[in-house]
Amino acid sequence: MAARRQGFSLTELMASLVISVAVLGGVMFSFQRINQVSRDASRGTDVTMANRGLYIQLEADFSNAGLGFNDLNAYNIRYNFRDGFVAETNLPRYFYGIADHDIDAASGHHTVVVQYFDYDLAGGSQTTTPTYIFALTDETATSFPADGVFTDANLIGQEDAIGQLEVGDILLIYKNEVRQNATVYKDTDEGNQPAVWNVFEVGGGSEPKNTAIILEVTAVGGVEDGRDPFSTLKMVTVNFDNPTAESIFDNDLQADGLLMDYTFPSAGDVQNNYNNGPLANVFYARKMGNRDNFHRVRYSVDTTGTFPTLLRFHNADGPEVISTNITDFQVLMGFDIQPGIVPDSVMRGDMDGLVSMIEPAIWSEDFNDFQTSYEDYLTLVGRHAMAADVTVSAESTTMLLTTKERAKRSFQQRFRVNNNLPTPFY
Amino acid sequence: MMSRVSRHRQPGATLVLVMLTLLIFLGMTMSMFFESRSVSIQTSGIKLSRMHNMAALSAIQREKVEIGSYWQDDTRFSDLLGQAWPESADGYGKLFASGSVTMNAGAMDLVYNVYVKNNADDLAVIMSGMQGYGKTYDQWVDTDGWIIMTAEIFNSYDTSSPVAVQSAIIAPTGEETVEHAELSVTEQNMDRQGTGSIDSFDSQLDLGKFQ
């Protein structure tokens, strides 16, 4: 007879259960711990990733700053946004790639505004951003209206270029004289000469002139033959004073429009152009793109919510959330001039010529560093800011499971600003 | 047949427990692996794109010095633009030079085409077809001394579509305004004396042509 097999006794069962519970408990504890560490790590990673996104955005924005008009940065470009485009209490006088740099006294966070166009430099198969010859509609006109403001104009160019004009196009109107004036561009060795912007002939001196303006086309007329001496070209009449709800740029420049002498080239001028270099007395209208090609980007920290949140505002769109629970957002601008100079009196010798991302003349926090007014500082930023140093510190919005603290991350990076000193045309 | 707790030991239960544990651990490992891999792919994609764009700007820098011999004080870049070189199908202008560039410590072989074209706001472009002292203006006549250089970058193993295209305005001073990030340009000799460093760039109004 087979021996009766013993099952497990109750004691054995109880003992094994106790051991199992202990082992399983240990395993469960380990799992929980691993899980916590892993979740904490991903919280930290989230903060890192949000800030990495910020730097990618910032790099693109700073490297595009002024695109479309920064090769013409000898000009003092006047403009006015339409009401409601962006909330702006203190309109800077001139249009630059870096349009604002300020610090919020209460929170200590910075605000920086960058603007640029999708200007098509190479043109591709067919340029989408042609330049036209600009003329006042009154053929006998010898000067702009007293305030430099006009409501319509003739644009002259090739037929296909004229065909590309439509409502919503944004034009930069400038006189060629500024970028080829021989007295403006002198050797930098002459340090006691005024910097390009401050040469009287192109707008400097005691009364700075507006040497260029930005207007938005609000109506386009029919195509006709160009006026003499451009009779082989096509011409169209455009309007600037019938804005639609989407319009961005206003033609009401608050009695402060284009303040240069109006001229229009003769047949002789055109013939001479090839041999004698570019025409000084011709006005150009550069199409910088249409409304969709203009980008005004503002980075600022919103402290009104539960957590201070870094927002990126693009034009009049709703803000994009970059990172939450910001503890520090600091943007320092690197200048090629020392503080204490007002924009109108900058001399060539004041510009140190070599701009380093490591050692600029000054890393400036705001206008107080320059001992100038806020408005003057904005002009200086537009002309002389060559680099940006951005520090951002952020914490996770939830506590870490292991340490019961917030995950903290802090980053610093320096960027080249796409700013160029004025270059003459030959 | 009488019931009993167990006739045999049941090793299967232990196996199931062990397998389950292994499965959970494996799952966690894999999820971390895939998460880090996706981050890593994203990062390297951005790096690669930057390298391509840097290569394009470097190509412009490299070829820019070669255009000096075409400059003439009275006709500016008209001789350069008037050459009978093949034209880009994408409208970037005439093929000025081709070459190769190696990035990433030799791991990346790239080839480039550099094209030259007149700037859109040259009066000769606007006035194409008009006469000026026996010279008919067209887009290949330079009246202002500025031109656009465009570099197309290709992988050396696939020259059918470019991986990066960059353009720059070139003026006879040697100054240029680059359409996109200038950071990479500063890696090349921005001071044009062979002593440039990554953190500096020369912004002097240098009126010596093509130094």
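Residues numbered from 1 in each chain as written. Chains lettered and ligands numbered in written order. Predicted model: local features only at pLDDT ≥ 70, side-chain atom pairs only at ≥ 80, totals over all residues. Heavy atoms only, no water.

1. Some words on the overall build of chain B
- Helices and strands together make up the secondary structure of chain B, namely three helices and eight strands.
- The order of α-helices and β-strands along chain B, N terminus first, is α-α-β-β-α-β-β-β-β-β-β.
- Counting every atom, chain B has about 10,500 Å² of accessible surface; 56% of that belongs to carbon and sulfur. (Helix = DSSP H or I, 4+ residues; strand = E, 2+ residues; numbered from the N terminus. Areas by Shrake-Rupley, 256 points an atom, 1.4 Å probe, with all protein chains shown as cover.)

2. What to know about the sheet that holds strand β18 (residues 406–416) of chain A
Residue and element names in this part refer to chain A.
- Read from one edge of the open sheet, four strands run β16-β14-β17-β18, paired in antiparallel fashion. The open sheet terminates on both sides in strands that have one partner only, identified here as β16 (362–364) and β18. Strand-to-strand twist of the sheet, defined as the mean angle between neighbouring strand axes without regard to direction, takes the value 20 degrees.
- In terms of strand pairing, strand β14 (residues 326–335) meets β16 through three bridges, oriented antiparallel. Residue pairing across strands places methionine 333 opposite serine 364, the latter belonging to β16.
- Sheet strands touched by helix α1 (residues 10–64): β14, β17 (385–399) and β18. Its angle to β18, the strand with the most contacts, is close to 15 degrees.
- Against the sheet, helix α5 (residues 374–384) engages β14, β16 and β17, with an angle of about 105 degrees to β17. (Pairing = 2+ DSSP bridges. Axes fitted to C-alpha atoms, helices over the stretch in contact; angles between N-to-C directions. Contact = heavy atoms within 4.5 Å.)

3. Points about the side chain of A:Thr218
- For A:Thr218, the location among the structural elements is in the loop between β7 (212–216) and β8 (219–225).
- A relative accessible area of 8% means that A:Thr218 is categorised as buried. (Buried < 20%, exposed > 50% of the residue type's maximum accessible area, 1.4 Å probe, protein only.)

4. A word on the packing of aromatic side chains
All names here are of chain A.
- Summed over all chains, the structure comprises 38 aromatic pairs over all chains.
- Of note, arginine 227 hangs over the ring of phenylalanine 264, and the distance from its end group to the ring centre comes to 5.3 Å.
- Across the ring face of phenylalanine 313, the terminal group of arginine 298 is positioned such that the distance to the ring centre comes to 4.2 Å. (Phe/Tyr/Trp six-rings, centres within 6.5 Å; stacked < 30°, edge-to-face > 60°. Lys NZ or Arg CZ within 6 Å of the ring centre and 35° of its normal.)

5. Looking at the UniProt feature "transmembrane region" (unreviewed entry) in chain A
- Following the UniProt record, the feature "transmembrane region" (unreviewed entry) maps to residues 12–31 of chain A here.
- End C-alpha atoms of residues 12–31 of chain A are separated by 28 Å, and the span's content is 100% helix alongside 0% strand. (UniProt positions renumbered as here; feature names shortened; annotations may be inferred.)

6. Considering the nonpolar core
All names here are of chain A.
- Ranked by internal contacts, the top residues of the largest apolar core, which has 68 residues, are Phe95, Phe134, Ile173 and Phe249.
- Top element by residues in this core is strand β6 (residues 169–175). It accounts for five residues.
- Split by domain, this core shows at least three residues from each of two domains, domain 1 (46–74 + 97–118 + 294–416) and domain 2 (131–293).
- Leave out the neighbours within four places in its chain, and phenylalanine 95 touches Phe69, Ile77, Tyr79, Phe81, Gln115, Phe117, Ile214, Phe249 and Phe294.
- Val346, Ile362, Phe370 and Ala388 belong to the second largest nonpolar core, which has 49 residues in total. (Core = buried A, V, L, I, M, F, W, Y, C linked by side-chain atoms within 4.5 Å. Domains from an automatic or database assignment.)

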